[in-house]
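The residues making up each chain are set out below.
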Amino acid sequence: MQALISVSDKTGIVEFAQALHALGIRLISTGGTAKLLADAGLPVTEVAQLTGFPEMLDGRVKTLHPKVHGGLLARRDLPEHVAALKAHGIETIDLLVVNLYPFEETVAKPGCTLEDAIENIDIGGPAMVRSAAKNWKDVGVLTDASQYAGVLEELKSSGKLSDKTRFALSVAAFNRISNYDGAISDYLSSIQEGGERTVFPAQANGRFVKLQDLRYGENPHQQAAFYRDLHPAPGSLVTAQQLQGKELSYNNIADADAAWECVKGFSETACVIVKHANPCGVATGKDAHDAYARALKTDPTSAFGGIIAFNRTVDGAAAQAVARQFVEVLMAPDFTPEALEFFKSKVNVRILRIALPPGGASDWDNGRNAMDIKRVGSGLLMQTADNREMTLGELKVVTKKQPTPAQLQDLLFAWKVAKFVKSNAIVFCKDGMTMGVGAGQMSRLDSARIASIKAQAAGLSLQGTAAASDAFFPFRDGLDVIVDAGAACVIQPGGSMRDAEVIAAADERGVAMVFSGVRHFRH
């Protein structure tokens, strides 16, 4: 057997080559890899010796030769292929070990130039990988160091690789080439005249890895699967570890993402309860139990069968409280053994452990996707994600009445929640707790009325609350409905042609109003 080794990332390659040599496999290699193996005392044939042609053009041409590709592509079961190899003095290559120039890492570096990127586009490597992967029935192709151990184990136990292993390696190889070419296309398509890059390339190449097939989609007649990004953001839902419970459904995953994205934006201990993609209760508290109890008060009816997320470890007290209600999914950075014990009898409850992103809530973009993508017909809508966070210093008081320090904090809290509520969104809050949520109505007036109705049904008073509207009030009637419900202060983006009319209405009603200057539509 012969193995050709040519790697950019040399992690573990010496040890792997030593093990191949010990199995009697002859080694062929290129440039720096050949030197590394030779320095380790391994007998290795350089590709230039094999081809009889020296590397040239600064290494751009070294493996593009019939003695390499003939040895990889020849089918051993076809007599005419075997005869052609013999006629031209070409030996078969049975194992190819290649990882590619670090294009993705290069273009991710600040200050990367187009020249830097071009020089890190591998040509010979992908060509060899494609040849070997195409001829998988005869050749095993390794494209990542994580594959070394499994291949060695099989070679040691049976002396060869099974068809199943070679096919799996071939699929992984073509996937790697696809991802590599996609990254190159993404980068080059983003280069504009003058060398500047745009965030929206001329061609978008989505690349995702399937995590699991789902029982069905939003409805039982729809098929579905769950995928993750090639390089998922740390602390995102796809990094979750399921500790117990039934398999996650399509709707579970969509709702869980809404809850997790909301709760991890709070620096204080917080709990978020989501139903049908909308927060129906959000609160901070002195501990997880307190935050949950306060969040549940907003709308206990809607919370039934909901998704619950914490940004702190769930202890026994919080678990015992949550276990009293029907919950579909419970997620947190961690759970105490006592907390998990409470759910052992509730085997259908899906419990997810998700590590918070390293920067936590202090770094709003940390652990969040940079882009949002929505399928429309035969196309895509792409936008930068709504990762905008608001600080007190950015708020502009536009009324005669000034909000108190406590009201400012409630306004920020309401604004943070409103960002995760479907438009039109109206959110009433007080003392770090949602008091009423109106979501997804065609009329902002109806959203305000629904929030008020839900508060009444939960036995909550909206008197003295802070209210957030995700978009401006086109007329004063929206403000009047909110104030009639009990709001003492309001946060909204501003920007309406009738801002002056709405501000005058707020002054007339004796409430404080601040402009954020930022809209948070969520469709």
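Everything here concerns the structure above.
Residues numbered from 1 in each chain as written. Predicted model: local features only at pLDDT ≥ 70, side-chain atom pairs only at ≥ 80, totals over all residues. Heavy atoms only, no water.

### Some words on the packing of aromatic side chains
And step 1. Here the structure, examined in full by the defined rule, presents 7 aromatic pairs.
And step 2. Centre to centre, the rings of phenylalanine 266 and phenylalanine 413 are 5.5 Å apart; their planes meet at 45°, and the pair counts as tilted. You can see phenylalanine 266 sitting in the loop between helix H11 (250–263) and strand E9 (270–275) and its partner phenylalanine 413 sitting in helix H16 (residues 405–418), a full 147 residues away along the chain. Considered together, phenylalanine 266 and phenylalanine 413 belong to a single accessibility category, that of buried residues.
And step 3. Of the aromatic side chains, those joined through ring pairs into one cluster are Phe103, Tyr180 and Tyr187.
And step 4. Residue placement shows lysine 416 over the ring face of phenylalanine 266; its charged tip is 4.9 Å from the ring centre. (Phe/Tyr/Trp six-rings, centres within 6.5 Å; stacked < 30°, edge-to-face > 60°. Helix = DSSP H or I, 4+ residues; strand = E, 2+ residues; numbered from the N terminus. Buried < 20%, exposed > 50% of the residue type's maximum accessible area, 1.4 Å probe, protein only. Lys NZ or Arg CZ within 6 Å of the ring centre and 35° of its normal.)

### Examining helix H2 (residues 31–39)
And step 1. Taken together, the buried positions of H2 are occupied by Thr33, Ala34 and Leu37. End-on, the buried residues of H2 take up no more than an arc of 100°, which puts them together on one face. Seen from the buried face of H2, the exposed residues on the opposite side, beyond 90 degrees, are Lys35 and Asp39.
And step 2. For H2, the secondary structure elements touched by its buried residues are strand E1 (2–7), helix H1 (13–22), strand E2 (26–29) and strand E3 (44–46).
And step 3. One or two positions beyond H2, positive phi appears at glycine 41, with a value near 85°. (Arc of directions from axis to C-beta. Contact = heavy atoms within 4.5 Å.)

### Examining the sheet that holds E3
And step 1. Taking strand neighbours across the sheet as the criterion, the 5 strands line up as E3-E2-E1-E4-E5 in an open arrangement whose pairing is parallel. One side of each edge strand has no neighbouring strand; the edge strands of this open sheet are E3 and strand E5 (140–142). Direction aside, the axes of adjacent strands within the sheet are offset by 20° on average.
And step 2. Bridging between E2 and E3 involves 3 bridges; their strand directions are parallel. Opposite serine 29, over in E3, you have glutamate 46 as the bridge partner.
And step 3. Here helix H8 (residues 124–134) sits on the sheet and contacts E1, strand E4 (95–99) and E5; the angle it forms with E4, its principal contact strand, is near 145°. (Pairing = 2+ DSSP bridges. Axes fitted to C-alpha atoms, helices over the stretch in contact; angles between N-to-C directions.)

In short, geometric facts, not functional conclusions.
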